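Commentary on secondary and tertiary structure
Each chain, written out:
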Amino acid sequence: MTFAATILTLYPEMFPGPLGASLAGRALREERWSLEAVQIRDFATDRHRSVDDTPAGGGAGMVLRADVLAAALDSVADARPVLAMTPRGKPLTQARVRELAAGPGVIVLCGRFEGFDERLFEARDIEPVAIGDYVLSGGEMGALVLLDACVRLLPGVMGAASSGIEESFESGLLEYPQYTRPAEWEGRVIPEVLRSGDHARIAAWRKSRSESDTRLWRPDLWERHVDARVQSPSGAHTQDEGHKK
């Protein structure tokens, strides 16, 4: 089964863009996944090919019309989940990316202007998704991020299957620091434990650094991680451990 991605956008020329290079590009050429960009404007019904109109109730900017978007969506709708890139959406997580990558693909609707007519979400089964707490010029950049995150997890895309396991967010924590040659650079040396050949010590060091770095740089992730451990079957034992570390 090939992972199939369909992008509904006002700027189909933005695709594949960076997805045509590196791992995603090679996988696209090898037909491990497919990509189709659909021009939303093709579904406009007036002679001006209008896709937006002024906000009801007044205000700045323009709003994407529900009727035009629904027509575009209905033209490609199938069993794949439909996601709309919007800052009002639920934050994208690695867990959700893994779910999507394991499925048949995605249909992604890219927002522009002031966003979507809300009735579209009432009338169609659409999952609003955000890639961060900031606003972009449109949903296309978010769609590129979403697809890159999914494609790299497809079978055969990454060189080693284990490459995607010990990464940031896979265990709810940030990944541990990485080092490589030379052993000494500008007076800074690779930690001794990583040069020891003692795999048990290395694993313990990496786990400790993953936890400490998450507490330092992403306290929100750390709190969720601790809460998840507390709620696990062995939570009575992990609660104290989580606060000691």
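Conventions used here
Sequence order sets the numbering: in each chain, residues are counted from 1 along the sequence as written. Note on the predicted model: pLDDT of at least 70 is required for a residue's local features to be given, and 80 or more for side-chain atom pairs to be given and counted; whole-chain, interface and lining totals, by contrast, use all residues. With hydrogens and water set aside, each side-chain value is computed from the structure's full complement of heavy atoms. Helix and strand definitions here come from DSSP, where helices need a minimum of 4 consecutive H or I residues and strands a minimum of 2 consecutive E residues; each element is numbered from the N-terminal end. Burial classes: relative accessible area under 20% of the type maximum marks a residue as buried, over 50% as exposed, and values in between as partly exposed (1.4 Å probe, protein chains only). Should any heavy atoms of two residues lie within 4.5 Å, those residues are counted as being in contact. For accessible areas, the Shrake-Rupley method is used with a probe of radius 1.4 Å. Any residue's cover is judged against the shown protein chains and nothing else. When charges are counted, Lys and Arg are positive and Asp and Glu negative, with His and the chain ends excluded. One atom stands in for each charge, and that atom is NZ of Lys, CZ of Arg, CG of Asp or CD of Glu. Here the term patch refers to residues with relative accessible area over 30% and no salt bridge, with like charges joined within 9 Å and nonpolar side chains (Val, Leu, Ile, Met, Phe, Trp, Tyr) within 5 Å. Each reported salt bridge corresponds to a side-chain nitrogen of Lys or Arg within 4 Å of a carboxyl oxygen of Asp or Glu. As used here, the term nonpolar core means buried Ala, Val, Leu, Ile, Met, Phe, Trp, Tyr and Cys residues forming a set that is joined through side-chain atoms within 4.5 Å. Fitting a line to C-alpha atoms yields each axis, with helices limited to the stretch in contact; the angle taken between N-to-C directions then spans 0 to 180 degrees. Throughout this description, any angle smaller than 35 degrees is read as roughly parallel, any larger than 145 degrees as roughly antiparallel, any in the 65 to 115 degree range as roughly perpendicular, and the remainder as oblique. Crossing handedness: left-handed means the near helix sits turned counterclockwise from the far one by under a right angle, and right-handed means the same turn made clockwise. Each residue gets one of three labels, nonpolar for Ala, Val, Leu, Ile, Met, Phe, Trp, Tyr, Cys and Pro, charged for Asp, Glu, Lys and Arg, and polar for the others, Gly among them. The pLDDT score gives, residue by residue, the confidence of the prediction method on a 0 to 100 scale. Each Phe, Tyr or Trp ring (for Trp, its six-membered ring) is paired with any other whose centre lies within 6.5 Å, and the angle between the two planes then decides the class: stacked below 30 degrees, edge-to-face above 60, tilted in between.

Focus: the overall build of the protein chain
- Broken down by element type, the protein chain carries 8 helices and 9 strands.
- Once the C-alpha set of the protein chain is aligned to its principal axes, its extents read approximately 70 × 40 × 40 Å.
- Within the span of the protein chain, comprising 245 residues, buried residues form 40% of the whole.
- A separation threshold of at least 6 residues defines the contact pool for the protein chain, and within that pool the share at least 24 residues apart is 72%.
- Roughly 14300 Å² of accessible area belongs to the protein chain as shown, and the carbon and sulfur atoms make up 52% of that amount.
- Taken as two groups, the 29 positive and 36 negative side-chain charges of the protein chain have centres that lie 5 Å from each other.

Describing a nonpolar patch on the surface
- On the surface, a nonpolar cluster with roughly 300 Å² of combined accessible area is contributed by Tyr134, Leu136 and Met141.
- Take Met141: it is sitting in helix 5 (residues 140-151).

Some remarks on the nonpolar core
- Phe3, Trp33, Val106 and Leu147 are the most contacted members of the largest nonpolar core, which totals 28 residues.
- Broken down by element, the residue count for this core peaks at 7 residues, all from helix 5.

Some remarks on the packing of helix 3 (residues 94-101) against helix 5
- One can describe the packing of helix 3 onto helix 5 by two numbers: an axis separation of 8 Å at closest approach and a directional angle of 70°. Comparing the axis directions of helix 3 and helix 5 gives the class roughly perpendicular. Both helix 3 and helix 5 take part in a crossing whose hand is right-handed. Of helix 5, the residues touching helix 3 (which contributes Val97, Leu100 and Ala101) are Leu146, Ala149 and Cys150.
- Residues of the contact of helix 3 with helix 5, tallied by class, amount to 6 nonpolar, no polar and no charged.

Overview of the environment of Ala79
- Along the polypeptide, Ala79 turns up in the loop between helix 2 (66-76) and strand 5 (82-91).
- Note on Ala79: relative accessible area 76%, which makes it exposed.
- Sequence separation between Ala79 and Ile107 is 28 residues, and the spatial gap between their C-alpha atoms is 9.7 Å.

Examining the confidence of the model for the protein chain
- This prediction gives the protein chain a mean pLDDT of 92; 91% of its residues lie at or above 70.
- Every residue in residues 235-245 scores below 50 in pLDDT, and together they form 14 contacts with partners more than four places removed in sequence or on other chains.

Some details on the pattern of salt bridges
- All chains considered together, the criterion is met by 15 salt bridges.
- Residue Arg119 is joined to Asp117 by a salt bridge in which the shortest nitrogen-to-oxygen separation is 2.6 Å.
- Exposure remark for Arg119: the relative accessible area of 56% places this residue in the exposed category.
- With a shortest N-O distance of 2.9 Å, Lys207 and Glu211 are connected by a salt bridge. Remark: Glu211 and Lys207 occur in helix 6 (residues 199-217); sequence separation between them is 4 residues, near one turn of the helix.
- Since its relative accessible area comes to 44%, Lys207 is described here as partly exposed.
- Taken together, the shared-partner salt bridges connect Arg96, Glu99 and Glu127 into one network.

Side note on the packing of aromatic side chains
- Scanning all chains against the criterion turns up 2 aromatic pairs.
- Each ring, one from Tyr179 and one from Trp205, has its centre 6.5 Å from the other, and the planes form 55°; the classification is tilted. Residue Tyr179 is located in the loop between helix 5 and strand 8 (184-185), and its partner Trp205 is located in helix 6; the two are separated by 26 residues in the primary sequence.

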